[in-house]
Amino acid sequence: MTNENALLFPAGIQISGLTGAVSPATGQYEKRLSELREIFADKAAFDHAVKEQNDPLVYRVVEYRPPQSDIFFGTTTMFPGHVGGEFYMTRGHFHARRDMGEIYYTQSGNGLLLLESREGDSRTVEMKPGVCAFIPPDWARRSINIVDEPLVLVWSCNPEAGHDYADILKRGMRKRIMNEGGAVRIVDNTAYA
Ligand SMILES: [Fe+2]
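Bear in mind the structure is a predicted one, so any value in this text is a computation, not a measurement.

Cut-offs and rules
Residues numbered from 1 in each chain as written. Predicted model: local features only at pLDDT ≥ 70, side-chain atom pairs only at ≥ 80, totals over all residues. Heavy atoms only, no water. Buried < 20%, exposed > 50% of the residue type's maximum accessible area, 1.4 Å probe, protein only. Helix = DSSP H or I, 4+ residues; strand = E, 2+ residues; numbered from the N terminus. Arc of directions from axis to C-beta. Contact = heavy atoms within 4.5 Å. 1 Å grid on protein atoms, 1.4 Å probe; cavity = no way out; pocket = protein on both sides within 12 Å on 5 of 7 lines; lining within 4 Å. Points joined across faces, edges and corners; volume = space filled by probe spheres on them. Pairing = 2+ DSSP bridges. Axes fitted to C-alpha atoms, helices over the stretch in contact; angles between N-to-C directions. Phe/Tyr/Trp six-rings, centres within 6.5 Å; stacked < 30°, edge-to-face > 60°.

**Q** Go over helix α1 (residues 43–52) with me, naming the residues and quoting the values.
**A** Working note: α-helix, 3.6 residues per turn, so residues spaced by three or four point in the same direction. Where α1 is concerned, the buried positions are F46, A49 and V50. All buried residues of α1 project into a common sector of 100° when viewed along the axis, lining one side. Turned more than 90 degrees from where α1 packs its buried face, A44, H48, K51 and E52 sit exposed. On its buried face, α1 sits against β6 (82–83).

**Q** For empty space enclosed by the protein, give the residues involved together with the corresponding values.
**A** Considering all chains together, one arrives at one cavity of 30 Å³ or more under this definition. Taken as a whole, the largest cavity holds about 50 Å³ of empty space. Of all elements in the fold, only β7 (86–87), β12 (139–145) and β14 (175–180) reach the threshold of two or more residues within the lining of the largest cavity. No other element matches the three residues that β14 contributes to the lining of the largest cavity.

**Q** Report on the sheet that holds β12, specifying residues and quantitative values.
**A** One open sheet holds the three strands; their spatial order is β10-β9-β12, and the pairing between them is antiparallel. The strands lining the two open edges of the sheet, one partner per strand, are β10 (122–127) and β12. Strand after strand, the sheet turns through a mean of 20° between neighbouring axes, direction not considered.

**Q** Break down the packing of aromatic side chains for me, with residues and values.
**A** Inspection of every chain in the model, using the stated rule, returns four aromatic pairs. Ring centres of Y64 and F73 lie 5.5 Å apart, and the angle between their planes is 40°; this geometry places the pair in the tilted category. The class of Y64 is buried, set by a relative accessible area of 16%. The exposure class of F73 is partly exposed, given its relative accessible area of 23%. Ring centres of F72 and W155 lie 4.9 Å apart, and the angle between their planes is 70°; this geometry places the pair in the edge-to-face category. Of the two residues, F72 sits in strand β5 (residues 72–78) while W155 sits in strand β13 (residues 151–157), which places them 83 residues apart along the sequence. The exposure classification of F72 matches that of W155, with both residues buried. Grouping aromatic residues by their ring pairs yields a cluster made of F40, F46 and Y88.

Here it is as structure tokens:
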């Protein structure tokens, strides 16, 4: 019997639920505020925040991707902040593969997972330690940190799932998550295209 794939061996990967560190990791990237201009409503407040706060880090993604595996996983660590009354959030994405879902398992902090189906159904799932969110195939997802401490989650999906960021960047999502004096308010996105 032949197997064209490289033989994969089991491994235990150390993940810090407090810092999002993954060891060993195979890759990571970071998003600073200046890279997220499209997603925030208040462009004047945004430009001011980038300048005055010296372009702060909004989130970091670290992954463990075994070659030729059908699963990979990693962490997203979101730092606290808000711009023009809007909490820090991720870009948001659909999967390029419309048949592949994902899980987001919150480790520390507190947030909201904003989800949107292709048909326009908008949902939220609370992100708090112990909650593992099931994200069905073909739902867009965006994470929002709603407290004044880092939000750390573990995600896992098929590496073939891919990312479709363009749709959300272009159209936005139907809801915005606002910080009103520390309280969380979900409002309609009046600029939704
Ligand atoms: Fe994903």
